[in-house]
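Chain by chain, the residues:
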Amino acid sequence: MESNDLLRWNAGDGGQIEIEADGPWTVTNAVALDSLVDAAAQAAGTGPMIVDMHGVTAIDTFGACLIERLVTPAKARGQKVVFKGVLDQHRSLLDAVARVSDHTPLPPKKRSPLAAIEGLGRSLIDLGNDLSALLVMLGAIAMAMARVIRRPRSFRLTAAVNQFDRVGLRSVPIILLITFLIGAIIAQQGIFNFRKFGAQTYAIDLVGILVLRELGVLIVSIMVAGRSGSSYTAELGSMKMREEIDAIRTMGLDPIEILMLPRVLALVLALPMLTFIGSMSALVGGGLVSWLYGGMSVATYITRLRDAISVTHFEVGMWKAPFMALVIGIVACTEGLRVQGNTESLGFHTTESVVKSIFLVIVLDGFFAMFFASIGM
Amino acid sequence: MSDEAPAIRLTDLVVGFGNNTVIDHLSLDVRRGEILGLVGASGGGKSVLLRTILGLLRKRSGTINILGANPDEVSSAAMRAVERHWGVLFQQGALFSSLTVRQNVEFPMREYLQLPPRLQSSVAITKLGMVGLSAVDAEKLPEELSGGMIKRAALARALALDPDIVFLDEPTSGLDPIAASDFDRLIKTLQKALGLTVFMVTHDLDSLATVCDRVAALADGKIVALGPMSAMLASEHPWVQAYFRGQRARNNSIV
Ligand SMILES: Nc1ncnc2c1ncn2[C@@H]1O[C@H](COP(=O)(O)OP(=O)(O)OP(=O)(O)O)[C@@H](O)[C@H]1O
Ligand SMILES: [Mg+2]
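Presented here is a report on the structure given in the accompanying data block. (Residues numbered from 1 in each chain as written. Chains lettered and ligands numbered in written order. Predicted model: local features only at pLDDT ≥ 70, side-chain atom pairs only at ≥ 80, totals over all residues. Heavy atoms only, no water.)

1. As for the packing of helix α9 (residues 255–292) of chain A against helix α11 (residues 311–337) of chain A
Residues and elements named next belong to chain A. How we decide: In this description, a line fitted to the C-alpha atoms serves as the axis of each element, helices being fitted only across the stretch in contact, and the angle between N-to-C directions of two axes falls anywhere from 0 to 180 degrees. Every helix listed is a DSSP run of H or I at least four residues long, and every strand listed is a run of E at least two residues long, numbered separately from the N terminus. Should the near helix be turned counterclockwise from the far one by less than a right angle, the crossing is left-handed, whereas a clockwise turn marks it as right-handed. Whether two residues touch is decided by their heavy atoms; if any such pair falls within 4.5 Å, the residues are in contact.
It is at 8 Å that the axes of α9 and α11 come closest, and there the two elements cross at 145°. α9 and α11 meet at a crossing whose hand is right-handed. Here Met 260, Val 264, Leu 267, Val 268, Leu 271, Pro 272, Thr 275, Phe 276 and Met 280 of α9 lie close against α11, whose contacting residues are Phe 314, Met 318, Ala 321, Pro 322, Met 324, Ala 325, Leu 326, Ile 328, Gly 329, Cys 333 and Leu 337.

2. Details of the site of ligand 1
Residues and elements named next belong to chain B. Quick reminder of the rule: One heavy atom within 4 Å of a molecule or strand makes the whole residue count as near it. Pairing of N or O atoms within 3.5 Å defines a polar contact, subject to two protein rules: one partner must be a possible hydrogen donor and the other a possible acceptor, and residues neighboring in sequence count only if both atoms are side-chain atoms. Shrake-Rupley sampling with a 1.4 Å probe provides the accessible areas, and residues are treated as covered by the protein chains on show and by no other component.
Surrounding ligand 1, one finds 13 residues, the nearest of these being Ser 42, Gly 43, Lys 46, Ser 47 and Val 48. Gly 44 is positioned such that a nitrogen or oxygen atom in its backbone is 3.2 Å from an oxygen atom of ligand 1. Here His 203 contributes a side-chain N or O atom positioned 3.4 Å from an oxygen atom of ligand 1. Taken by itself ligand 1 offers 640 Å² of open surface, and the protein chains cover 59% of this.

3. Observations regarding the sheet that holds strand β4 (residues 81–84) of chain A
Residue and element names in this part refer to chain A. Note the cut-off: One requirement defines pairing of two strands: DSSP has to find at least two bridges between them.
Reading across the sheet, the 4 strands line up as β1-β2-β3-β4 and stay open at both edges, with mixed pairing between neighbours. Bordering the open sheet on either side are β1 (7–11) and β4, each of which pairs with just one other strand. Between one strand axis and the next, the sheet turns through 15° on average, direction left out of account. Packed on one face of the sheet, helix α2 (residues 61–76) meets β2 (17–25), β3 (49–59) and β4 and runs near 175° to β3.

4. Points about the coordination of the magnesium ion (ligand 2)
Residues and elements named next belong to chain B. Convention followed: Water is absent from the atoms considered, so a metal site may look incomplete; donors are defined as N, O and S atoms within 2.8 Å of the metal, or 3.2 Å for Na, K and Ca. Think of it in three bands: with a 1.4 Å probe and only protein chains considered, a residue is buried below 20% of the maximum accessible area for its type, exposed above 50%, and partly exposed in between.
The magnesium ion (ligand 2) binds to the protein through Ser 47 (OG) and Gln 91 (OE1); the donor distances cover 1.9 to 2.4 Å. Of this pair, Ser 47 sits in helix α1 (residues 46–53) while Gln 91 sits in the loop between β5 (86–89) and α3 (101–112), and the two are 44 residues apart along the sequence. Take Ser 47: its relative accessible area is 24%, and that puts it in the partly exposed class.

5. Examining the interface of chain B and chain A
How we decide: Here's the idea: put two parts together, see how much 1.4 Å probe accessible area each one loses, and the total over both is what we call buried area. Salt bridge criterion: a side-chain nitrogen from Lys or Arg within 4 Å of a carboxyl oxygen from Asp or Glu.
Counting residues at the interface gives 30 residues for chain B and 26 residues for chain A. Considering only the surface of chain B that becomes buried against chain A, Leu 119, Met 130 and Glu 143 of chain B emerge as the three largest contributors, covering 19% of it. Inspection of the chain B/chain A interface yields 1 salt bridge. At the surface where chain B touches chain A, the tally comes to 5 residue pairs in polar contact (both at pLDDT 80 or more). Of all the elements in the fold, those that place two or more residues in the side of chain B that touches chain A are α4 (117–130), α5 (135–138) and α7 (177–194) of chain B. For the side of chain B that touches chain A, the element with the highest residue contribution is α4 of chain B, accounting for 9 residues.

6. Here we look at the packing of α2 of chain A against helix α3 (residues 88–100) of chain A
Residue and element names in this part refer to chain A. The condition that has to hold: To sort the angles, those under 35 degrees are grouped as roughly parallel, those over 145 as roughly antiparallel, those from 65 to 115 as roughly perpendicular, and the leftovers as oblique. By the convention adopted, Pro, Cys, Tyr, Trp, Phe, Met, Ile, Leu, Val and Ala count as nonpolar, Lys, Arg, Asp and Glu as charged, and the other residues, Gly among them, as polar.
Their axes nearest at 9 Å, the elements α2 and α3 cross at an angle of 60°. The pairing of α2 with α3 is recorded here as oblique in orientation. Relative to α3, α2 is oriented so that their crossing is right-handed. Across from Thr 61, Ala 64, Cys 65, Ile 67 and Glu 68 in α2, the residues of α3 making contact are Leu 93, Leu 94, Val 97 and Ala 98. Grouping the constituent residues of the contact of α2 with α3 by class yields 7 nonpolar, 1 polar and 1 charged.

By themselves, these observations are geometric and do not establish any function.
Next up, the structure:
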C-alpha cells in the first residue's frame, strides 16, 4: 500500500491492482503525478486493474494523459481495466484522450555511423549542384535578356530604374566613405614605410595602381554583395516562401523576366558607376593624407599620379566591374529561389548568398589578374 | 452562469485606422464557459476586434476586461499571467515555420511549465490526436502541411496550456465538412471538460447552429444582434436577416 494524497494503489494476491486517484489531477501536480503513475504502472500485476476516480476534484488534459499512461500498458497486455466513480464532467475528456492515445511518438532518427562520410559526399554533390544552379540561372537570365532585346516593350523599365536607385544611387554615400578611408589608409602606410629609404613619393604610385586596378572594384563589389545581394536574396526568398513566385508562374509569366532580369541589370549598370566613384574617392583620400601627413603639395600628388598610372590601369578596373555585378546578381537570385517554406532557410540562404558572392568575386578577381597579365594590360 | 463576472467585457470600444473607424462604440460581454460565435461581413472588422482584445492593436477608446484584468490598469507582469490563460488560433495559423508541429505545440508548455519531457511530448501528441493529426504528422514541418492541417495544428497549439479562453479566428474554414463537425464536437468536449470559454469568429452556419451557445452579429462596427440562434433568426436587422435567411442558410436547413 502506497500512500500520498494523489495516487494510492493496492496490489492484491490474484495479480489484480486497485488504484485510487485523488485530488486535482492538473498541470500543477503534473511533475509529482508523472513519477507516481510510473510507479503504479510498475506495480500492476497480470490481473484486472481497477481505477477509482471518485476523489478526483479536477482534471485537465495533462491529468488525462497521465491516467491514460497508467492504464495503457495493462490494456496492451490484454488485462481488464475498470474505471469507477468517474464524474460526468471528467468522462468526456478522458474519452477524448483515450480515443487518440494509441498514437505513440515515433522513435528519433538514428545517426548512422557513416554520417561523416555521407556528409562529405553530400557537400561534394552540393558543390556540383551549386555550380550548375549558377550556370542555369545565368542561362535563364541570358535567355530572358534575348527575349527582351527582341521585344523591348516587355522590359520592366520601371522596376529596373527603381532597383538601380536602390542598389546604385543609394549606396553612393557609404561607398564614398569606405573607399575614401581605404585610399587614405593605403597612402599613410605607403608613406610611413617608404619614408625609411627616402622613396615616399612612390606611395602615390602605390595608391594609384592599387586602387584603380584592384582595390576599388574589389571593395565596391564586396560592399554591394553585402548590401544589395543580401537584400535581393531576402526579397526573392520571402516571395518564394509566400508562393508569390508560384503565383507569377501560374499567370503564365516568367519570374526571371519580371523579377531577376531588372535586378541583375540594375546591378550590372550600378557597379561600374560605383567603382568609378569609389576609385575617385580613394584617390582623393590618398591625396589628402599625402598632403597632411606626407607633406606633399597637391600639385606634386597630381603630377606624380599622372606619371605613375596609365589609362590601362583604370580600364582593367572598370572592365572587371560588370562581371563582378553579374556574379553577385546571379548568386543572389539563385539563393533566393532556393529558400524553402521556413524562416530559418531564409536566413540561411541570405548568409549563403553573401558568403558565396564574396568568395566568387575574389576568385574571379584572381582569374582576371592572370588574364590581364597574359594579354599584357 | 450569468451571475459570475464575464470572461470578457468590452465597453464602448472604438478601433480604427486613419480615418477609417472599423469598430465603433462596441459593447459585448462573453460569459464564462460559453461558446460565443461572432459573425460579420468579410472585412467587417472581426479580426480587428479579436486583435484588439488580444492587445495586438491599439484601441482609440473604451475599456477591455479579460478574466477580471483591465490591460490599461494592471501591470505587464499581471497581464502576462492572464495571457497564460488564453489560447489563440490565428486566421492564417501562424505556426512557427522552423519548428515541427509537435515542437510548436510544446513551445508554450516549455515556456510556462516545467514538465518532464516525456509527459510534455505525450500531451502534445495527445492534443494533436484530438484535433485529428497523427504522430507522423507531428514530426512534419509546417511547410509540409495542407491548409486544413495547419488549422488543426494551430488549434492544438492554442489548446496547449488548457487555457480558460480560446480565441478562434475562422477555425473551420478550409476543413472538409466531416473534419469541421469533428472539430465542433472537439470544441464542445473541451468546453464541457475544462470549462472553456470560446470566442469564435466563424462563417460556418453549422458551427453556429450546433456548438455556439450565443451568436453575436457585427455590422457597421457594432453588435447588432446577440443571442442564441433563434434570436438571430428573429432579428429585424437587414444584414442579419440576409445572413441567416439567405440561400446558404436554407440549404443548411437552419431555417
Ligand atoms: N493593419 C491594418 N491597417 C489598415 N486597415 C486595416 C488593417 N487591418 C485591417 N484593416 C481594415 O479593417 C477592416 C476590417 O478588417 P478585418 O480583417 O477585421 O476583417 P474581417 O471581418 O476579419 O474579415 P474576414 O472575414 O475577411 O476575415 C478592413 O476594412 C481592413 O481593410
Ligand atoms: Mg478576418
